[in-house]
Amino acid sequence: YIILVLSIFLRFVGCGYINNDSVWNIDDVCEMLFFYCVGYIAFPYVKLLFENLHKKSVFVISMCVITYSVLLFGGINIFEKVRWFNMFFKPLAGIYVCLLGAYVLKNIEIIQQIGRKSLFLCGTEDITRYLMFDLFAMIGFEINLINPAMVYLLVVFFIWLDWKVLVPIIEKALCKILNILQIDWKGTI
């Protein structure tokens, strides 16, 4: 809970005082750390919700939320006139769809591994992207991303590269730092 309070403070700092073009997207880290903390605290309750609800009720709720999300994506907000409902339901609908997707994909091993290392992968993908573009520019190549599919493929490649190369190096370094600081860490990094 101490980290949650700290993350709330960092969210205000990230939203208001740090430039959007900061090094390694520190502003995004400050803004998004709050959601990681809330997710960590809420996870046991969300898990109980999905496991204890009857499958038919999960299906009906999911169809309603997905329908609302698709309409919203298409520019139709059926709750536009109900301000309080719109203010809370719009972000919650997006969160629910993400949770539903995560629940459906929860038993896929590669998805589990990516999820465990998501903080590392998000930070290192940004670093790798800058380094790779600069490296290619230094040797005379220019990467032109002409459509969204190319962007997705490049990001997947960078995440794969980070997962296989950069993240293991960072994990080893963090373990050594924790050992030097004599911090007994039983979890995984």
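Above this text you will find the structure in question.
About the cut-offs
- Residues numbered from 1 in each chain as written.
- Predicted model: local features only at pLDDT ≥ 70, side-chain atom pairs only at ≥ 80, totals over all residues.
- Heavy atoms only, no water.
- Axes fitted to C-alpha atoms, helices over the stretch in contact; angles between N-to-C directions.
- Helix = DSSP H or I, 4+ residues; strand = E, 2+ residues; numbered from the N terminus.
- Parallel < 35°, antiparallel > 145°, perpendicular 65-115°, else oblique.
- Left-handed = near helix turned anticlockwise from the far one by under 90°.
- Nonpolar A, V, L, I, M, F, W, Y, C, P; charged D, E, K, R; others polar.
- Core = buried A, V, L, I, M, F, W, Y, C linked by side-chain atoms within 4.5 Å.
- Buried < 20%, exposed > 50% of the residue type's maximum accessible area, 1.4 Å probe, protein only.
- Contact = heavy atoms within 4.5 Å.
- Patch = residues over 30% accessible without salt bridge, like charges linked within 9 Å, V, L, I, M, F, W, Y side chains within 5 Å.
- Areas by Shrake-Rupley, 256 points an atom, 1.4 Å probe, with all protein chains shown as cover.
- Salt bridge = Lys/Arg side-chain N within 4 Å of Asp/Glu carboxyl O.

Q: Where do I start with the packing of helix 6 (residues 118-138) against helix 7 (residues 148-180) in this structure?
A: For any two helices packed against each other, one specifies the crossing angle of their axes together with the interaxial distance. Running from N to C, helix 6 and helix 7 point in directions that differ by 115°, and their axes come no closer than 8 Å. Looking at the two axes, helix 6 sits roughly perpendicular to helix 7. You can see that helix 6 and helix 7 cross each other, and the crossing is right-handed. Residues belonging to the contact of helix 6 with helix 7 are distributed by class as follows: 15 nonpolar, two polar and four charged.

Q: Mind showing me how you'd approach the nonpolar core here?
A: Taken as a class, soluble globular proteins show a tendency for nonpolar side chains to be buried jointly. Counting seven residues, the largest nonpolar core is built from Phe50, Val58, Val65, Tyr68, Ala93, Tyr96 and Leu100. Contributions of two or more residues to this core are made by helix 3 (55-73) and helix 4 (83-104). Residues in contact with Phe50, not counting those within four places in the same chain, are Val58, Tyr96, Leu99, Leu100 and Tyr103.

Q: Where do I start with a nonpolar patch on the surface in this structure?
A: A contiguous nonpolar surface patch, about 480 Å² in accessible area, is contributed by Val104, Leu105, Ile108, Ile110, Ile111 and Ile114. Looking at the nonpolar patch, the element that brings in the most residues is helix 5 (residues 109-116), giving three residues. Checked against the element boundaries, Ile108 lands in the loop between helix 4 and helix 5.

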